[in-house]
Amino acid sequence: MMKSMMAAGALVIAVSASGAAQAQSYIPDWGIADMREAVVAAGSTVTREDNSKDPYIAATTAEGLKFTISGRVCEGADGARRCKGALLQTSFSLGSDAEVDAAVKQWGQEFAAIAVSNDGSKGLLLSRYLIFDYGIHRENLRLNIQVFTGIAEDMWGEI
């Protein structure tokens, strides 16, 4: 009986520790340090960050694609704000609005994971919005960045 109780107690501790470790992997919102970690884990380099108001990171992939991540729905004091949303963006300059419109038609239907639009200045704008409500797993955040940059790099290579 005593062995059964000890085994049950050990199981409860193991499950509790596992749950606590898993809870640390989820982030309910993000700040500069969280996003910097995710960008680096996704294989990119942070080139600039600004935490004076809403968090903002500029980064470059290993292949040279430049992109930004900016905070949305942020709260807290300047310099320590935490955000419930993140907007990933990059853009490509094309020769004319007609070329941009053709690219939007071509790529917009091919990739549901990103929004493809005309920025109004002969630029093709690619974006992905991430919602952190109820938390996002750190590995899922890294994967979302990789999906965004991977699609953008594919498009960049063909434009």
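Coordinates for the structure precede this section.
Criteria and cut-off values
Residues numbered from 1 in each chain as written. Predicted model: local features only at pLDDT ≥ 70, side-chain atom pairs only at ≥ 80, totals over all residues. Heavy atoms only, no water. Core = buried A, V, L, I, M, F, W, Y, C linked by side-chain atoms within 4.5 Å. Buried < 20%, exposed > 50% of the residue type's maximum accessible area, 1.4 Å probe, protein only. Helix = DSSP H or I, 4+ residues; strand = E, 2+ residues; numbered from the N terminus. Contact = heavy atoms within 4.5 Å. Salt bridge = Lys/Arg side-chain N within 4 Å of Asp/Glu carboxyl O.

Draft legend 1. Spotlight on the nonpolar core. By size, the foremost hydrophobic cluster in this structure holds 35 residues, and its most contacted members are M35, I145 and M155. Counting only elements with at least two residues in this core, the list comes to α2 (32-41), β3 (56-60), β4 (66-75), β5 (82-93), α3 (97-108), β7 (123-131) and α4 (138-158). The biggest single contributor to this core is α4, with 6 residues. Dropping the residues within four chain positions of it, M155 is found in contact with F92, W107, F111, I114, V116, L124 and L126.

Draft legend 2. Highlighting the pattern of salt bridges. Under the definition given, this model contains 7 salt bridges. The partner of R138 in a salt bridge is E37, with the nearest N and O atoms 4.0 Å apart. With R138 in helix α4 and E37 in helix α2, this pair connects stretches of sequence that are 101 residues apart. In this structure R138 comes out as partly exposed when scored by relative accessible area, which is 27%.

Draft legend 3. Structural view of the environment of A80. Counting through the fold element by element, A80 comes out in the loop between β4 and β5. A residue is classified by how much of its surface remains accessible, and A80, at 49% relative accessible area, is partly exposed. Residues A80 and K53, 27 residues apart in the sequence, show an inter-C-alpha distance of 8.4 Å. Setting aside chain neighbours within four positions, we find A80 in contact with N51 and E75.

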